[in-house]
Amino acid sequence: MKAFAWRRETDNNKANYCLQVENIKGKRALNKVVKILGDWEIIGDGYNAKTEEYTVIFSSDFDNPHKWQAWAEEFPIYLVELTSHGNEKLRNKKLVKAGAVL
């Protein structure tokens with residue numbers, strides 16, 4: 001599994017982030033992802049019949065970007081943030097190094 005995140009511009013003062021989790025193999029893994037992201041809103045999903053993998057897109061508001069960063073550092077799935085300049089930034093480096101990601 002791998003997750004990508006990006007910030008969306010909104011009219012309010014909150015920081016809105018989208019999170020796309022890809023390569024979810026099977027219903028059990030899908031249920032685990034949905035449980036981990038239980039307080040996030042599902043805004044899109046898909047299924048690839050050839051590879052039998054799911055993709056789900058979630059959305060959530062954070063009070064500020066620092067709260068997002070703190071949350072992202074603890075996220076248990078390999079997480080890459082796509083910055084506004086188009087660069088990729090690994091957000092949960094410590095968990096990846098420790099082997100504690102799904």
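These numbers come from a predicted model, not from an experiment. (Residues numbered from 1 in each chain as written. Predicted model: local features only at pLDDT ≥ 70, side-chain atom pairs only at ≥ 80, totals over all residues. Heavy atoms only, no water.)

S.K.: Please set out the overall build of the protein residue by residue, giving values where relevant.
M.R.: The helix and strand inventory of the protein stands at three helices and six strands. Overall, the protein shows an N-to-C arrangement of helices and strands of β-β-α-β-β-α-β-β-α. In terms of overall dimensions, the protein is globule-like: its C-alpha atoms have a radius of gyration of 14 Å, near the 13 Å expected for 102 residues. Principal axes of the C-alpha set define a box for the protein whose edges measure 40 × 30 × 25 Å. Relative to its 102 residues, the protein shows a buried fraction of 33%. Counting every atom, the protein has about 6,700 Å² of accessible surface; 47% of that belongs to carbon and sulfur. Computing the positive centroid from 16 side-chain charges and the negative centroid from 14, the protein places the two 7 Å apart. (Helix = DSSP H or I, 4+ residues; strand = E, 2+ residues; numbered from the N terminus. Rg over C-alpha atoms; globule rule 2.2 N^0.38 Å. Buried < 20%, exposed > 50% of the residue type's maximum accessible area, 1.4 Å probe, protein only. Areas by Shrake-Rupley, 256 points an atom, 1.4 Å probe, with all protein chains shown as cover. Lys, Arg positive; Asp, Glu negative; His and termini not counted. Charge placed at Lys NZ, Arg CZ, Asp CG, Glu CD.)

S.K.: Before we move on, could you go through the pairing of strand β2 (residues 15-25) and cite the residues and values that matter?
M.R.: Burial of β2 is extensive: eight of the eleven residues sit out of reach of the surface. Two elements, strand β1 (residues 2-8) and β2, share seven bridges in a ladder whose sense is antiparallel. If you follow Phe4 over to β2, its bridge partner there is Gln20. Between β1 and β2, which pair antiparallel and follow one another directly, the connecting turn spans six residues. Judged from the nine bridges that link them, β2 and strand β4 (residues 53-62) form a sheet pairing that is antiparallel. (Pairing = 2+ DSSP bridges.)

S.K.: Break down unusual backbone geometry for me, with residues and values.
M.R.: Its identity as a non-glycine residue notwithstanding, Asn23 has a phi of 60°, on the positive side. Tracing the chain through its elements places Asn23 in strand β2. Backbone geometry places Glu52, a non-glycine residue, at a positive phi of 55°. Within the secondary structure layout, Glu52 lies in the loop between β3 (41-48) and β4.

S.K.: Please give an account of the pairing of β1 that cites residues and values.
M.R.: Here three bridges tie β1 to strand β5 (residues 79-82), and the two strands are oriented parallel to one another. Along β5, the bridge assignment pairs Phe4 with Val80.

S.K.: Go over the environment of Glu41 with me, naming the residues and quoting the values.
M.R.: For Glu41, the position within the fold is in strand β3. For the pair Glu41 and Ala72, spaced 31 residues apart in sequence, the C-alpha separation works out to 16 Å. For Glu41, the residues in contact, after removing those within four places along its chain, are Ile57, Phe58 and Ser59. (Contact = heavy atoms within 4.5 Å.)

S.K.: Tell me what's going on with the side chain of Gln20, and back it up with residues and numbers.
M.R.: Within the fold, Gln20 resides in strand β2. Accessibility expressed as a relative area gives 17% for Gln20, which makes it buried. Among the polar contacts made by the side chain of Gln20, one reaches the side chain of Glu22 at a distance of 2.6 Å. Setting aside anything within four residues of it in sequence, one finds Gln20 in contact with Lys2, Ala3, Phe4, Trp6, Thr55, Val56 and Ile57. (Polar contact = N/O pair within 3.5 Å; in protein donor to acceptor, adjacent residues only side chain to side chain.)

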